[in-house]
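Report on the structure
Listed below, chain by chain, are the residues.
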Amino acid sequence: DAKTTQPPSMDCAEGRAANLPCNHSTISGNEYVYWYRQIHSQGPQYIIHGLKNNETNEMASLIITEDRKSSTLILPHATLRDTAVYYCIVSGTSYDKVIFGPGTSLSVIP
Amino acid sequence: SAVISQKPSRDICQRGTSLTIQCQVDSQVTMMFWYRQQPGQSLTLIATANQGSEATYESGFVIDKFPISRPNLTFSTLTVSNMSPEDSSIYLCSVEVGQRSEKLFFGSGTQLSVL
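Scoring rules and cut-offs
Residues numbered from 1 in each chain as written. Chains lettered and ligands numbered in written order. Predicted model: local features only at pLDDT ≥ 70, side-chain atom pairs only at ≥ 80, totals over all residues. Heavy atoms only, no water. Disulfide = S-S within 2.5 Å. Helix = DSSP H or I, 4+ residues; strand = E, 2+ residues; numbered from the N terminus. Buried < 20%, exposed > 50% of the residue type's maximum accessible area, 1.4 Å probe, protein only. Contact = heavy atoms within 4.5 Å. Buried area = accessible area lost by both parts, 1.4 Å probe. Salt bridge = Lys/Arg side-chain N within 4 Å of Asp/Glu carboxyl O. Polar contact = N/O pair within 3.5 Å; in protein donor to acceptor, adjacent residues only side chain to side chain. Nonpolar A, V, L, I, M, F, W, Y, C, P; charged D, E, K, R; others polar. Core = buried A, V, L, I, M, F, W, Y, C linked by side-chain atoms within 4.5 Å. Phe/Tyr/Trp six-rings, centres within 6.5 Å; stacked < 30°, edge-to-face > 60°.

Before going further, it helps to examine the state of the cysteines. Summed over the entire model, instances satisfying the criterion amount to 2 disulfides over all chains. There is a disulfide in this structure between A:Cys22 and A:Cys88, and the S-S distance comes to 2.1 Å. Looking down the S-S bond of the A:Cys22 and A:Cys88 bridge, the torsion is -80 degrees, so its handedness is left-handed. Of this pair, A:Cys22 sits in strand E2 (residues 18–23) while A:Cys88 sits in strand E8 (residues 84–91), placing them 66 residues apart in sequence. Judged by relative accessible area, which is 2%, A:Cys22 ranks as buried. Among the cysteines around A:Cys12, which has no disulfide bond, A:Cys22 carries the closest sulfur, lying 18 Å off. You can see B:Cys13 has no disulfide; the closest cysteine sulfur is in B:Cys23, sitting 18 Å from it. The exposure class assigned to B:Cys13 is buried, which follows from its relative accessible area of 8%.

Shown next, in the form of C-alpha cells:
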C-alpha cells in the first residue's frame, strides 16, 4: 500500500499559488518525500524531493513539517500547463521500489 | 538524466493473443520497474526487474501472465500474455539511475487496447 494520503482533487486559479498537501505519518527516518506529476497519461515527471529541510527548485517548493509527518508542494504561480495529477511518494534513496497512491488531480482554472 | 524508449507506443490486440513491450535505456541501470495504469487510475507496480535474476512480482501479478526478460543493463521486455479486455491499460517502464535526485525516470508508456 502507498504510504501517503492526498486529497483526490483540487482547483487553483491561474497565476495563484497551488498548495498541494500530503500526509505521510508512517515515514521512517531514512525515507525521502518525492513529488511527481503526470500530464495526459504521459510518464510521470519528477518535480522535487526532500528529507527534512524545505527545498526549492525552478519548478516548485517543498515544505516538510518538523515531525516529517506531512508536507506541502507549492507551485508559486500556477499556469494552465500545471493541470495534472500530482503524486506524493515516500521512498528510500537507493533501489527501493516506489508505490504510487491515487494522487491529487489539480485543475488550474483560467 | 536517463532517456527511455518504449515500443510500441500503442497497440490494439485481439483477445487471447500476447504482446511484448520493449524498454530501452540509454545508460546502464540496475533497477528497472514495470507499472500498469488502468484507465482513470494511478500507477500499479507489476514487477521489479534486475539484470541476471528473475523478476520480483507484486501481489496480484504472476510470471505466467506477465513474463519479463532483463538480458542486460539497458534493456527489458514485458509480455502481456493471453490478453483479455481487462488488460487494456497503459504499461510504463521505469528505471532508477543510481543515487540521482529524480529517483525514477519513466518511459512514455505503451497504450494497450484489447478487443
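On to the interface of chain A and chain B. Counting residues at the interface gives 21 residues for chain A and 23 residues for chain B. Carbon and sulfur atoms supply 57% of the area that chain A and chain B bury against each other, a total of about 1800 Å² over both sides. In this structure, the connection of chain A to chain B is made through 1 salt bridge. Taking the shortest distance from any N to any O, the salt bridge between A:Lys97 and B:Glu58 comes out at 3.0 Å. Remark: the boundary between chain A and chain B carries 5 residue pairs in polar contact (both at pLDDT 80 or more). At the level of elements, strand E3 (32–38), strand E4 (45–50) and E8 of chain A are the ones that each hand at least two residues to the side of chain A that touches chain B. Residue contributions to the side of chain A that touches chain B peak at 3 residues, all from E3(A). Along the lines of polarity and charge, the residues of the side of chain A that touches chain B split into 10 nonpolar, 9 polar and 2 charged.

Ranked by internal contacts, the top residues of the largest apolar core, which has 28 residues, are B:Ile46 and B:Val95. Of all the secondary-structure elements, those providing two or more residues to this core are strand E3 (19–25), strand E4 (31–37), strand E5 (43–50), strand E8 (75–80), strand E9 (89–96) and strand E11 (110–114) of chain B. Looking at which element gives the most residues to this core, the answer is E3(B), with 4 residues. Not counting residues up to four positions away in its chain, the partners in contact with B:Val95 are B:Ala2, B:Ile4, B:Val25, B:Val29, B:Met31, B:Met32, B:Lys103, B:Leu104 and B:Phe105. Ranked by size, the runner-up nonpolar core spans 21 residues in total, among them A:Cys22, A:Ile47, A:Ile48 and A:Leu62.

Counting across every chain of the model gives 10 aromatic pairs over all chains. Measuring from centroid to centroid gives 6.3 Å for A:Tyr32 and A:Tyr34, while their planes differ by 40 degrees, and the two rings are tilted. A residue is classified by how much of its surface remains accessible, and A:Tyr34, at 2% relative accessible area, is buried. Note on A:Phe100 and B:Tyr35: the rings are 5.5 Å apart at their centroids and 90 degrees apart in plane angle, and the pair reads as edge-to-face. A residue pair is termed interchain when its members come from two chains, as with A:Phe100 in the loop between E8 and strand E9 (104–109) and B:Tyr35 in strand E4. Taken together, the ring pairs in this structure connect A:Tyr36, A:Tyr46, A:Tyr87, A:Phe100, B:Tyr35 and B:Phe106 into an aromatic cluster.

Functional significance is not addressed by these values, which are geometric in nature.
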